[in-house]
Amino acid sequence: MDDASHRPAGVADTWTVAGRTFTSRLIIGTGKYKDYATNAAAAEAAGAEIVTVAIRRVNLSDPSQPMLVDHVKPDRFTFLPNTAGCFTGEDAVRTLRLAREAGGWNLVKLEVLSNTKHLLPDMEETLRALKLLIADGFEVMVYCNDDPVYARKLEEAGAAAIMPLGAPIGSGRGIQNLLNLGLIIEQAKVPVLVDAGVGTASDAAVAMELGCDAVLMNTAIAEARDPILMASAMRHAVIAGREAFLAGRMPKRMYADPSSPLAGLI
Amino acid sequence: MNLTINGEARTLAPLPHLAALVSELGLDPRKVAVERNLEIVPRSAYDRTPVADGDRIEIVHFIGGG
């Protein structure tokens, strides 16, 4: 990647989930865009290699309506089918089995929600669904609460990645619990992605500076006044946050420390 | 033949198999997944899977989502 030109030659900064290696650390959703063409342009501007997708009934009254796969193409992006809208483990398993048949993907995003007001995950049901999916041969990236205890349980059950929320889905409130997120990152041996809550570029940078492996977002780009420009901003923010994490930040001090020497003053 | 497709009651002339139903509905079989009576039907089996009166069919595809 051109932005990583100061890294030693031949050392790519990649991350790997379920045996698949990616360079881009920005995963984007494909919901809420005004049309699929804007969505595809935003995905390109974001430099995304993975996009999340949902499974729904086809519209029988108008089978000729635009289809996602005609714009955001599965040969260009890794599709990560989700279980958005599922409230039970059985719903999630049924949805992802259909996704596997529709596209052949084993790598999936599990989210089991509790209610439609705050869309926070039902962690007990999420853990149960995870076990069902793993038994069925799926590799599962799990949307979860920013709870280090449940994150550990998910990892022990075989999650391919842990994806804690920064804030509720679509809220754009940024990372609400830096401490918990830091604990989750510290203990995890699988990739950790902030999924949900990012509102603007600085939120994505904060997540990456904490040491997340990647960030997943949808609304922050789709609902920006200019989604394609925001996708580009997010791309840079994720790279900036990642490089800041790798570079290692300076210590915080209580008082000032002059940048110009005090010795030799006239 | 009465079917329930994606929750809607439909009356269709008899069809030899699921492939014919997908085609009758104007859908591209490469872009959908099909459940017949809660059982997923592999795409490779559409042309040998019968469609019977009373079947409950679900046909889904990928749409945008987060």
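Keep in mind that this is a model prediction, so the values were computed, not measured.

S.K.: Explain the packing of aromatic side chains to me, and be specific about the residues and the numbers.
M.R.: Each aromatic ring pair is described using two quantities: the centre-to-centre distance and the angle formed by the ring planes. All names here are of chain A. Considering all chains together, one arrives at four aromatic pairs over all chains under this definition. Between Phe 79 and Trp 105, the ring centres sit 5.3 Å apart and the planes meet at 25°, which makes this aromatic pair stacked. Of this pair, Phe 79 sits in strand β5 (residues 78-81) while Trp 105 sits in the loop between α3 (89-103) and β6 (107-110), placing them 26 residues apart in sequence. Its relative accessible area of 0% is what places Phe 79 among the buried residues.

S.K.: Would you mind going over empty space enclosed by the protein in detail, with residue names and values included?
M.R.: Applying the stated criterion across every chain yields a total of one cavity of 30 Å³ or more. Considered as a void within the structure, the largest cavity measures approximately 50 Å³ in volume. A breakdown of the residues in the lining of the largest cavity according to their chemical character gives four nonpolar, three polar and one charged.

S.K.: Just give me the short version of the environment of A:Ala92, but keep the residues and values in it.
M.R.: Residues and elements named next belong to chain A. Note on placement: Ala 92 falls in helix α3. For Ala 92, a relative accessible area of 0% corresponds to the buried category. With 34 residues separating them in the primary sequence, Ala 92 and Thr 126 have C-alpha atoms 9.1 Å apart.

S.K.: Could you give me a rundown of the confidence of the model for chain B, with the residues and numbers involved?
M.R.: Per-residue pLDDT for chain B has a mean of 93; in total, 100% of the residues score no lower than 70. Per the prediction output, this complex has pTM 0.91; the corresponding ipTM is 0.94.

S.K.: Mind laying out the side chain of A:Asp203, listing which residues take part and the relevant values?
M.R.: All names here are of chain A. Along the chain, Asp 203 turns up in helix α7 (residues 201-210). For Asp 203, which is buried and forms no salt bridge, the nearest opposite charge comes from Arg 173, at a distance of 9.1 Å. Excluding its chain neighbours within four sequence positions, the residues that come into contact with Asp 203 are Gly 172, Gly 174, Ile 175, Gly 197 and Val 198.

S.K.: Can you lay out the nonpolar core for me, pointing to particular residues and giving the numbers?
M.R.: Formed by 68 residues in total, the largest nonpolar core has its most connected members in A:Ile28, A:Phe79, A:Leu110, A:Leu154, A:Met217 and B:Phe62. Counting residues per element, this core draws most heavily on α3(A), which supplies six residues. Here B:Phe62 is in contact with A:Val53, A:Ala54, A:Ile55, A:Leu68, A:Phe79, A:Pro81, A:Ala99, A:Ala102, A:Gly103 and A:Trp105, once residues within four sequence places are set aside. Counting 21 residues, the second-largest nonpolar core is a separate cluster that includes A:Val58, B:Leu18, B:Val41 and B:Tyr46.

Rules of the game
- Residues numbered from 1 in each chain as written.
- Chains lettered and ligands numbered in written order.
- Predicted model: local features only at pLDDT ≥ 70, side-chain atom pairs only at ≥ 80, totals over all residues.
- Heavy atoms only, no water.
- Phe/Tyr/Trp six-rings, centres within 6.5 Å; stacked < 30°, edge-to-face > 60°.
- Helix = DSSP H or I, 4+ residues; strand = E, 2+ residues; numbered from the N terminus.
- Buried < 20%, exposed > 50% of the residue type's maximum accessible area, 1.4 Å probe, protein only.
- 1 Å grid on protein atoms, 1.4 Å probe; cavity = no way out; pocket = protein on both sides within 12 Å on 5 of 7 lines; lining within 4 Å.
- Points joined across faces, edges and corners; volume = space filled by probe spheres on them.
- Nonpolar A, V, L, I, M, F, W, Y, C, P; charged D, E, K, R; others polar.
- pLDDT = per-residue confidence, 0-100.
- Lys, Arg positive; Asp, Glu negative; His and termini not counted.
- Salt bridge = Lys/Arg side-chain N within 4 Å of Asp/Glu carboxyl O.
- Contact = heavy atoms within 4.5 Å.
- Core = buried A, V, L, I, M, F, W, Y, C linked by side-chain atoms within 4.5 Å.

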